There are 2 protein chains.
Amino acid sequence: MNDSRPIRAKSGTNHEGTSAHNRRVMIDALRINGALSRADLARATRLTKQTVSNIIEELERDGLVSSQEAVRKGRGQPSTPYGLVPEGAFAIGLQIDRHVTRAVAVDLVGSVLVRDEAGLPPGGPFNGTKVILDLVAGVRSKLAGIVQQSEKRLVGLGAAMPGPFGVAGSGDDPWMMEAWQKFPLLETLAAGTGLDVGLQNDAAAAATAERMVGAAHGLDHAVCLFVGYGIGAGLILNGELYRGANGNAGEIGMALLFADGKSTPLEHRASLASLYQHLSIDPADPDLYARINELALRGDHSIHAWVEAAAADLRWSIHLLETLFDPQTVILCGSAPEALVSRLFAAIGPLLPSIAERRGRTLPRLQPGIADPWSVALGAAAGPISRAFDPRFAAILKDSLQS
Amino acid sequence: MNDSRPIRAKSGTNHEGTSAHNRRVMIDALRINGALSRADLARATRLTKQTVSNIIEELERDGLVSSQEAVRKGRGQPSTPYGLVPEGAFAIGLQIDRHVTRAVAVDLVGSVLVRDEAGLPPGGPFNGTKVILDLVAGVRSKLAGIVQQSEKRLVGLGAAMPGPFGVAGSGDDPWMMEAWQKFPLLETLAAGTGLDVGLQNDAAAAATAERMVGAAHGLDHAVCLFVGYGIGAGLILNGELYRGANGNAGEIGMALLFADGKSTPLEHRASLASLYQHLSIDPADPDLYARINELALRGDHSIHAWVEAAAADLRWSIHLLETLFDPQTVILCGSAPEALVSRLFAAIGPLLPSIAERRGRTLPRLQPGIADPWSVALGAAAGPISRAFDPRFAAILKDSLQS
DNA sequence: TCATTAAGTCAAATGTATTGACTTAATACT
DNA sequence: AGTATTAAGTCAATACATTTGACTTAATGA
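- The name recorded for chain A in an unreviewed UniProt entry is ROK family protein, from Rhizobium anhuiense.
- In its Sequence similarities (unreviewed entry) section, the UniProt entry covering chain A states "Belongs to the ROK (NagC/XylR) family."

Right, here's the structure in full:
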């Protein structure tokens, strides 16, 4: 009798959705092209000059854009370019890794203003929570010391940690599974900071960073192959980060390779974890990166062998990502010793033939990305900035309008 | 001096974009849930009753929805459900395959009203164009004979053929590469029919069909693994078909498997092409499907061996798709003899452990999909319907508003 | 000097969605 | 049987963001 299965539907939109979208489109245009005049913006966005004027005026009042010196270019009234104001918004990014946690504060254009890190005690989230919250609080107060009004312009806290999330059993990496998975991280961080909190995996964070300030800047279709303790792919599809149904899209580390008659996850063959095992190094060693950097620079034989093997696997991975996602470009990024990443990059070429080889290509099939230890924290911070300011379908819908 | 690099920006939107989106949201809600009252629609879409009334009135005038008998359910005025009118819109779908071309006419809800096929002469598109245009014209006129005003309600022609598109060289399938790739198919079809024409690959078409009338109905994240002459994946991501930067996303047939010390494209191991080779059958045989169906039903040993081997490869493919796309479900569909597909489906289980194994799953990880020979043509027809009526980000933007 | 070109503003108009009061029509309670 | 309650749906006025077209401003070029 009770026929009350829930009705599923997408949300509608209204004037505010329109306006929110147009604001985001303006900000996006200024981010991609640099400063533009109202007339340029009107042409590029296909809105009228008047609409652009209204929105720019509003954005200027909000401190997100500011006018620059007028530019004379031929006949007609000189144009007044408007550019993004870096201090218009800030976000905190937080990387939670196995033995360490890092936090950064970035501004609207993705510049890192504050960075700090702390060791994480063993024993999982219950012991680590205080360290993390203290680290965030420290970065936040340092930011407040550098810029005025930073607290009012803080749009959120982005957290990044290795995925996958919410998967039943099967963890052969006990770190992730047992301790953190059941811990209400988002709630704890939200309660402890009072900020809007988002969570993504390392690779997604790296992709978010590449899109804001790296090789994927202004691209609508890019895949970031991220090499860290594990390996994953961050996906920019249709101009937005793609998360999948459960936030686990791109977990290429779990893809199975067949070799020597048995199947092995890519993660066991091409990741820092596999390198540590190959070299019999303790991953908790605090000088880890320095040691590996040195070995890589000096052309150590054992590292060389790993690099060659890993590069072959990455070559296959890149081919696979090109085949399945058809991106404009693939970006190799990571959180790993820099010399190691550049050796890997060099060892990968030439790429396997794929559908990415097409007439009229302009971008390289593979590009180097950000690969310093702070890239994940940066990407974590880029998350809230992107959610708040980038054009996205979801931002138009009534169920996501805040004011 | 001439600083005129083009300015890149996304398009803005306006009232008409808002309205277009809300119309689409209504239609989508009715498609997913069946007939709904204005009040139900208002709650589900978060629009006001008044707005819903206005839009429904307009949709009813346009012949896209119609009222049904009032329903008494407890206190209050009885509600009047509105449902989609199947005859509200039509589209023609066209499959272009190696030796055959098929066309169907479908209505707004995806029912096939007319179907017809024709053999394609060898020699590529120049010889085939007339056959194809005649086939489309025939289906179109049969449709006009069945329903009134069908021409006025025809939203477009969707074509589907094997991918990939626009790839340089490397064709080991000479059929696709040499003949069709350079032929201006879209322009020829548009000129020959006067309709809006779209093009997608077989797998994408299959996914579009599954979303409209199949196992992906109402899902926002689904992957259709399509087995035909080749093999591909059709991707429904965020509720829309994902095409990639060049329309080639999902070409999993080109993914490389390592076996016996060498790498082989999946397509060479798990596709009808590989079966034909395995059985030494001529793919041009007109009774092909019937013969294979018979062999499959009688449990032929040679087919059994192929099924087992292909199933293992599909098992790996499904694991890979789950890993990279994190969909709600994977659907096995195809354009292949039905008995073969069901044997394959049965032989695939049990699936490999993956991130898809999570607490609270409701949908099966793998579901059977549409696998009759008409599925690609159906999906091709579903393309224009979807483009015209489903909620999509692009539909909001000014640069896509027609009227 | 003056026509031309382009940026940007002003004020009124337009198009959708929203608001709040109202009507209609059923069930539930007394 | 009568009345209160609940929910669907309508009406008319309002609010909000974009659009339109005329106008102003400020430069170049002939």
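Let's pick the thread back up.
1. Some details on the interface of chain A and chain B
At step 1: Taken residue by residue, the interface counts 77 residues in chain A and 77 residues in chain B.
At step 2: In total, about 6600 Å² of surface goes out of reach between chain A and chain B, with carbon and sulfur atoms giving 59% of it.
At step 3: Applying the counting rule to chain A against chain B returns four salt bridges.
At step 4: Salt-bridge contacts for B:Lys10 lead to A:Asp220; the nearest nitrogen and oxygen are separated by 3.3 Å.
At step 5: Taken together, the links from chain A to chain B amount to 35 residue pairs in polar contact (both at pLDDT 80 or more).
At step 6: Breaking the side of chain A that touches chain B down by element, the ones donating at least two residues are α1 (15-33), α2 (38-45), β10 (231-237), β12 (256-259), α10 (301-325) and α13 (393-396) of chain A.

2. Regarding the sheet that holds strand β4 (residues 90-96) of chain A
All names here are of chain A.
At step 1: Across the sheet, five strands lie side by side as β6-β5-β4-β7-β8; this open sheet has mixed pairing. Unpaired on one side and paired on the other, β6 (112-119) and β8 (197-201) mark the two borders of the sheet. The average angle at which neighbouring strand axes cross in this sheet is 20°, direction not considered.
At step 2: Sheet topology places strand β5 (residues 100-107) next to β6; seven bridges connect them, and they run antiparallel. Residue Val100 lies in a different strand from β6, and its bridge partner there is Gly119.
At step 3: Against the sheet, helix α4 (residues 125-146) contacts β4, β5, β6 and β7 (154-161), and its axis sits at roughly 155° relative to β6.
At step 4: In the packing of helix α12 (residues 375-389) onto the sheet, contacts are made with β4, β5, β6, β7 and β8, and the angle to β4 comes to roughly 140°.

3. Observations concerning the protein's contact with DNA strand D
At step 1: Taken together, 33 residues lie near DNA strand D, and B:Lys49, B:Gln50, B:Ser53, B:Thr80 and B:Lys398 sit nearest.
At step 2: Expressed as a percentage, the sugar and phosphate content of the atoms of DNA strand D within 4 Å of the protein is 68%.
At step 3: In this structure, a base nitrogen belonging to DNA strand D sits 2.8 Å away from a side-chain N or O atom of B:His15.
At step 4: Between DNA strand D and B:Ser53 there is a distance of 2.6 Å, counted from a phosphate oxygen to a side-chain nitrogen or oxygen.
At step 5: When residues of the surface near DNA strand D are traced back to their parent elements, those giving at least two are α1 and α3 (49-61) of chain A together with α2 (38-45) and α3 (49-61) of chain B.
At step 6: The element that contributes the greatest number of residues to the surface near DNA strand D is α1(A), accounting for five residues.

Rules used in this analysis
Residues numbered from 1 in each chain as written. Chains lettered and ligands numbered in written order. Predicted model: local features only at pLDDT ≥ 70, side-chain atom pairs only at ≥ 80, totals over all residues. Heavy atoms only, no water. UniProt positions renumbered as here; feature names shortened; annotations may be inferred. Contact = heavy atoms within 4.5 Å. Buried area = accessible area lost by both parts, 1.4 Å probe. Salt bridge = Lys/Arg side-chain N within 4 Å of Asp/Glu carboxyl O. Polar contact = N/O pair within 3.5 Å; in protein donor to acceptor, adjacent residues only side chain to side chain. Helix = DSSP H or I, 4+ residues; strand = E, 2+ residues; numbered from the N terminus. Pairing = 2+ DSSP bridges. Axes fitted to C-alpha atoms, helices over the stretch in contact; angles between N-to-C directions. Near = heavy atom within 4 Å.

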